[in-house]
Amino acid sequence: MPPFAERFAGWRASLADLERWLLPAACLLCEAPVAEREGDALVCALCRSRWRAIPNPVCDRCGQPIVPGLTCRICSDWGPGLRRVRSAVWLGDSARRAVHRLKYDGWWRVAEAMALAMRDLEPLTGQVSLIPVPLGSRRARERGYNQSERIAASLGRLIGAPVRPDLLRRTRETQTQTALTPEARAANLAGAFACTGAGGVAAVLVDDVFTTGATLVSAGAAVAAAGAASVDGITFARAIEPVG
Ligand SMILES: [Zn+2]
Ligand SMILES: [Zn+2]
């Protein structure tokens, strides 16, 4: 018998899913009726228009917009393994609401709209395997599902790529990252992932939000060490906008 928290999370998530099917088509973010639907994504055109795409040029490795000629401050001390990361949109109010709906409210169909925004990202060319960034087992139990796996599943359907959550796992619980400095984040995550069976795979790690990249760097190192042919990362949103 699973613990109560786990059963409750699963039950709440399936109710949220059922609710979306029963209600008339309303935007998952602003609740306005959705007139024109892009695919099956229940996010209205106005909310999607508020998702601001990451502008070019970007740093070749971490995907942060840069002034050409200046050294990128985000990825200058990244270890090896992860080749490049690209994100679809800035984490503005509307994108943050989408992330929140998916992560905490169990509204899985938001993932379909996120996948649509991500489908043309550079790493998604050729025959790639999508690897969702796994949650620690405690967090997975509490939530009942992994939001990154939901995004990867929607994206996989959209572009016809295999989704391989079986290749990567967390080896230990890590502290919540939000209150930590970039250096502390990296230390918190060092060796936190283990990967098997990725030999020769063109791996694309999938996550919801890019903040400092510490999670993707740590996960990417594990996938590269397991013999992947290449390791890239993609996220729906990117948190840190350059100032000035
Ligand atoms: Zn809306
Ligand atoms: Zn960079």
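The coordinates are above.
How each quantity is defined
- Residues numbered from 1 in each chain as written.
- Chains lettered and ligands numbered in written order.
- Predicted model: local features only at pLDDT ≥ 70, side-chain atom pairs only at ≥ 80, totals over all residues.
- Helix = DSSP H or I, 4+ residues; strand = E, 2+ residues; numbered from the N terminus.
- Buried ≥ 20, exposed ≤ 12 C-beta atoms within 10 Å, placed from the backbone.
- Contact = placed C-beta atoms within 7 Å.
- Core = buried A, V, L, I, M, F, W, Y, C linked by C-beta atoms within 7 Å.
- Axes fitted to C-alpha atoms, helices over the stretch in contact; angles between N-to-C directions.
- Parallel < 35°, antiparallel > 145°, perpendicular 65-115°, else oblique.
- Left-handed = near helix turned anticlockwise from the far one by under 90°.
- Pairing = 2+ DSSP bridges.
- Right-handed = clockwise from strand over helix to strand, strands pointing away.

Caption draft 1: Region of interest: the overall build of the protein. Looking only at helices and strands, the protein features eight helices and six strands. Put simply, the protein has 244 residues, and 39% of those count as buried. The contacts in the protein between residues at least 6 apart in sequence include a share of 73% that link residues at least 24 apart.

Caption draft 2: Up close: the nonpolar core. In this structure, Val 110, Met 114, Leu 205, Val 206 and Val 223 are the most contacted members of the largest nonpolar core, which totals 63 residues. Ranked by residue count, the leading element in this core is helix H8 (residues 214–225), at eight residues. The residues contacting Val 206, other than those within four sequence positions of it, are Leu 130, Ile 131, Pro 132, Val 133, Ser 148, Ile 151, Ala 152, Leu 155 and Ile 234.

Caption draft 3: Spatial organisation of helix H4 (residues 110–118). Extensive coverage of H4 is indicated by the burial of eight of its nine residues. Listed as buried for H4 are Val 110, Ala 111, Glu 112, Ala 113, Met 114, Ala 115, Ala 117 and Met 118. Summarising the contacts, the buried residues of H4 are in contact with helix H2 (45–49), strand E1 (84–90), helix H3 (93–104), helix H6 (147–159) and strand E6 (230–238).

Caption draft 4: Quick peek at the packing of H4 against H6. Between H4 and H6, the shortest axis-to-axis distance is 8 Å and the interhelical angle comes to 60°. Our classification of the angle between H4 and H6 gives oblique. Handedness of the crossing formed by H4 with H6: right-handed. Residues Ala 111, Glu 112, Met 114, Ala 115, Leu 116 and Met 118 of H4 pack against Arg 150, Ile 151, Ser 154, Leu 155 and Leu 158 of H6.

Caption draft 5: A look at the sheet that holds E6. Strands sit in the order E1-E6-E5-E2 across an open sheet of four strands; the sheet is parallel. Two strands close off the open sheet at either side, each with one partner strand: E1 and strand E2 (129–132). Averaged over neighbouring strand pairs, the angle between their axes works out to 25° when direction is ignored. Inspection of the sheet shows E1 paired to E6 by six bridges, in the parallel sense. Pairing of Trp 90 across the sheet is with Arg 238, part of E6. The sheet contacts of H3 involve E1, strand E5 (202–210) and E6, and relative to E5 the element is tilted by about 105°. Strands in contact with H8 are E1, E2, E5 and E6; relative to E5, the strand with the most contacts, it is inclined by about 165°.

Caption draft 6: Summary view of the environment of Leu 82. Looking at the secondary structure, you find Leu 82 in the loop between H2 and E1. Along the primary structure Leu 82 and Asp 232 are separated by 150 residues, whereas in three dimensions their C-alpha atoms are 5.8 Å apart. Once residues lying within four places of it in the same chain are set aside, the contact partners of Leu 82 are Leu 216, Val 217, Gly 220, Ala 221, Val 231 and Gly 233.

Caption draft 7: Spotlight on the environment of Cys 72. The residue Cys 72 is located in the loop between H2 and E1 in this model. Cys 72 sits 11 residues away from Arg 61 along the chain, and the two C-alpha atoms are 9.1 Å apart. Dropping the residues within four chain positions of it, Cys 72 is found in contact with Cys 59, Cys 62, Gln 64 and Ile 66.

Caption draft 8: Looking closely at unusual backbone geometry. At the junction of Asn 56 and Pro 57, the peptide bond is cis and its omega measures out at 0° in the coordinates. Looking at the secondary structure, you find Pro 57 in the loop between H2 and E1. One non-glycine residue, Glu 31, lies in the positive phi region at around 70°. Positionally, Glu 31 belongs in the loop between helix H1 (4–22) and H2.

Caption draft 9: Seen up close, the pairing of E6. Most of E6 sits inside the fold, with eight of its nine residues counted as buried. Here E5 pairs with E6 via eight bridges, running parallel. By the bridge assignment, Val 204 is partnered in E6 with Asp 232. Note on the crossover from E5 through H8 to E6: the handedness is right-handed.

Distances and angles like these do not, on their own, reveal function.
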